[in-house]
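Fold and contact review
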Amino acid sequence: MQEQELIPHLFRTEFRKITAVLCKLLGIANVNIAEDIAGETFLSALEIWPFKGVPENPVAWLYAVAKNKAKNYIARDHLFHDKVMPLIRSSSPAGHEIEIDLSAANIADSQLQMLFAICHPSIPVESQIGLSLRILCGFGIDEIANAFLTNKETVNKRLYRAKEKLRAGMVVIEFPPENEINSRLRSVLTTLYLLFNEGYYSESQDTILRNDLCLEAMRLTYMLIDNEQTDHPDVNALLAMMCFHSSRFEARKNANGEMVLYQDQDELLWDQELITKGVYYLNRASKGDSISKYHLEANIAYWHTIKEDVTEKWENILQLFNQLLAIEYSPIAALNRTYALSKVSGNEAAITAAEKLDLTTNHFYFTLLGELYKDIDREKAKENLLKALSIAKSQADKQTIQNKIDRL
């Protein structure tokens, strides 16, 4: 890797690890200090490496600098002498130097415990996602603003309020007690699910950013599976869903950035390795006697990895959508169900079901109606597509809809 690419790469992979470990040491109230120390570590690399050369082991160098900066901060700051040091001393042998453990095992534990702290029920879900991106994924404020299609000021305010809630609530960075794991895990899975969706369905034009959001959601879900306490069937189901969706990532947009609809995607661009992984985790998810929405969405995503347009496929997808809507109703899931319904019962039945939804602020709603009316009433098809065009936000979506209008 070229020197100019190395520090940004290490920032993305190591900033989160250093921050998580320091947060665990210093407590959630001092998350800003942990971030500052991690940031200063990389600033030192930017200042030193261009002149003295990249060290033989860059990661070890960063960890050593981070440890020294953290120890120096603790040594000089009265807050730690008065409040934190007594706690640290009480759990350490007399005279023992403070140990900042940046081992792989402690990094993994710290990140997972930090994930539970960030996904505390007192924090709004959108703030949980923002904090996860910042602290656990190493995203910069600009990147988070881009992901949420907002500005830096809004992101900074949102993160500040979330950190204040964690501080005021004195949230502890640790695994929840065994009797709370299931309820707390639900919040964590919701955050990871939404984080993945921010990438997969993002209207941002930054393809790399969208891809990274999905990969980070998958990385954090892998961490849950790697831990015995959180290796639950619904976690495996969520990861299976992510694998299936991600397998078609490269086929969803063409060279011009325009959305390629499912039926037009090039199957050769689908990632078969990810599909195989998805099947593996879906099989693991089958243990136990409960079915979550992640199980159903993973199964729907699985059937979409079979390109053949056969009746069995769409009948299965339709039944899965019916179960999903019974467990947790979602207007978007109901809209997606109508496409499967058109494949099983015909376009007229699907139009009747879709129009009952009345999702008049959603361009996908009018786009689907345009498709369903295409072979029944071309004027109504065009009317719906023009409505979709008028409310679509991204240029890529607008171009996709315009192409449909041109082909009528």
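This text follows the structure it describes.
Model, not experiment: these values are computed from the prediction. (Residues numbered from 1 in each chain as written. Predicted model: local features only at pLDDT ≥ 70, side-chain atom pairs only at ≥ 80, totals over all residues. Heavy atoms only, no water.)

1. Considerations on the packing of helix α11 (residues 233-247) against helix α12 (residues 272-285)
The criterion, for reference: To obtain an axis, a line is fitted to C-alpha atoms, over the contacting stretch when the element is a helix, and the angle between two such axes runs from 0 to 180 degrees between their N-to-C directions. Only DSSP runs of H or I covering at least 4 residues are called helices, and only runs of E covering at least 2 are called strands; the numbering of each starts at the N terminus. Our angle categories are set so that under 35 degrees counts as roughly parallel, over 145 as roughly antiparallel, 65 to 115 as roughly perpendicular, and the remainder as oblique. Crossings are assigned a handedness: left-handed for a near helix turned anticlockwise from the far helix by less than a right angle, right-handed for a clockwise turn. Note on contacts: a residue pair qualifies if any of its non-hydrogen atoms lie within 4.5 Å across the two residues. Each residue receives one of three labels: charged for Asp, Glu, Lys and Arg, nonpolar for Ala, Val, Leu, Ile, Met, Phe, Trp, Tyr, Cys and Pro, and polar for the others, Gly being one of them.
For the pair α11 and α12, interaxial distance at closest approach is 8 Å and the crossing angle is 160 degrees. The orientation of α11 with respect to α12, classified from their angle, is roughly antiparallel. In this structure, the crossing between α11 and α12 has a hand that is left-handed. Here α11 contributes Pro233, Asn236, Ala237, Leu239, Ala240, Cys243, Phe244, Ser246 and Ser247 to the contact with α12, which in turn contributes Leu274, Ile275, Lys277, Gly278, Val279, Tyr281, Leu282, Arg284 and Ala285. Of the residues that constitute the contact of α11 with α12, the class distribution is twelve nonpolar, four polar and two charged.

2. Overview of helix α19 (residues 395-407)
Here is the rule we go by: Expected helix span is taken as 1.5 Å per residue step, with the number of steps being one fewer than the number of residues. We call a residue buried when its accessible area falls under 20% of the maximum for its residue type, exposed when it is over 50%, and partly exposed in between, using a 1.4 Å probe and counting protein chains only.
An ideal rise of 1.5 Å per residue puts 18 Å on 13 residues; α19 measures up with 18 Å between its terminal C-alpha atoms. Those residues of α19 not exposed but buried are Ala396, Asp397, Thr400, Ile401, Lys404 and Ile405.

3. Some thoughts on the side chain of Arg248
Which entries qualify depends on this criterion: For the purpose of counting charges, residues Lys and Arg are taken to be positive, whereas Asp and Glu are taken to be negative. His and the chain ends are not included. The working definition used for a salt bridge is a side-chain nitrogen of Lys or Arg within 4 Å of a carboxyl oxygen of Asp or Glu.
Along the chain, Arg248 turns up in the loop between α11 and α12. The side chain of Arg248 sits in the buried core without any salt bridge; Glu267 is the nearest counter-charge, 10 Å away. Contacts of Arg248, omitting those with residues within four sequence positions, involve Tyr200, Tyr262, Gln265, Trp270 and His304.

4. A short note on helix α8 (residues 152-168)
Counted only if it meets this: What the arc covers is the set of directions going from the helix axis to the C-beta atoms. Throughout this description, a polar contact denotes any pair of N or O atoms lying within 3.5 Å of each other; where both atoms belong to protein, one of them has to be capable of donating a hydrogen while the other can accept it, and for residues adjacent in sequence the pair is counted only when both atoms sit in side chains.
A rise of 1.5 Å per residue sets the reference length of α8, with its 17 residues, at 24 Å; its end C-alpha atoms lie 24 Å apart and thus fit the reference within 8%. All of the buried residues along α8 are Val155, Arg158, Leu159, Ala162, Lys163 and Leu166. Along the axis of α8, the buried positions cluster into a sector of 130 degrees, meaning they face one direction only. Exposed side chains of α8 directed beyond 90 degrees from the buried face belong to Glu153, Tyr160, Arg161 and Ala168. Tucked into the core, α8 has its buried residues touching α2 (31-52), α5 (104-118), α6 (125-136) and α7 (141-147). Looking at where α8 begins, the residue whose side-chain oxygen comes 3.3 Å from the main-chain nitrogen of Glu153 is Asn151. Positive backbone phi, approximately 50 degrees, marks Met170, located one or two places after α8.

5. Re the environment of Arg210
Along the polypeptide, Arg210 turns up in helix α10 (residues 207-226). Look at Arg210 and you get buried, because its relative accessible area is 3%. Note: C-alpha distance between Arg210 and Ala29 (181 residues apart in sequence) is 31 Å.

6. Looking at the nonpolar core
The criterion, for reference: What makes a nonpolar core is a set of buried Ala, Val, Leu, Ile, Met, Phe, Trp, Tyr and Cys residues whose side-chain atoms join them at distances within 4.5 Å. Where each domain begins and ends is defined by an automated method or by a domain database.
Counting residues in each nonpolar core, the largest one holds 106 residues, and the members touching the most others are Met114, Leu133, Leu224 and Met242. For this core, the domains that each give at least three residues are domain 1 (1-101) and domain 2 (310-408). Not counting the four nearest positions on each side in its chain, Leu133 is found in contact with Gly138, Phe139, Ile144, Phe148, Leu195 and Leu213.

7. Description of the packing of aromatic side chains
To keep things clear, this is the line we draw: Only Phe, Tyr and Trp rings are paired, with Trp represented by its six-membered ring, and only when their centres lie within 6.5 Å; those with planes under 30 degrees apart are stacked, over 60 edge-to-face, the remainder tilted. To sit over a ring, a charge needs its Lys NZ or Arg CZ within 6 Å of the ring centre and within 35 degrees of the ring normal.
Applying the stated criterion across every chain yields a total of 16 aromatic pairs. Residues Tyr365 and Phe366 carry aromatic rings whose centres are separated by 5.0 Å and whose planes lie at 65 degrees to one another, so their mutual orientation is edge-to-face. Comparing Tyr365 with Phe366, the two get one shared label, buried. Members of the aromatic cluster, connected to one another through ring pairs, are Phe196, Tyr200, Tyr201 and Phe249. Between Arg12 and the ring centre of Phe139, over which it is positioned, the NZ or CZ distance is 4.1 Å. Taking NZ or CZ as reference, Lys293 lies 4.1 Å from the ring centre of Tyr193, over its face.

Remember that the coordinates give geometry; whether it matters functionally is a separate question.
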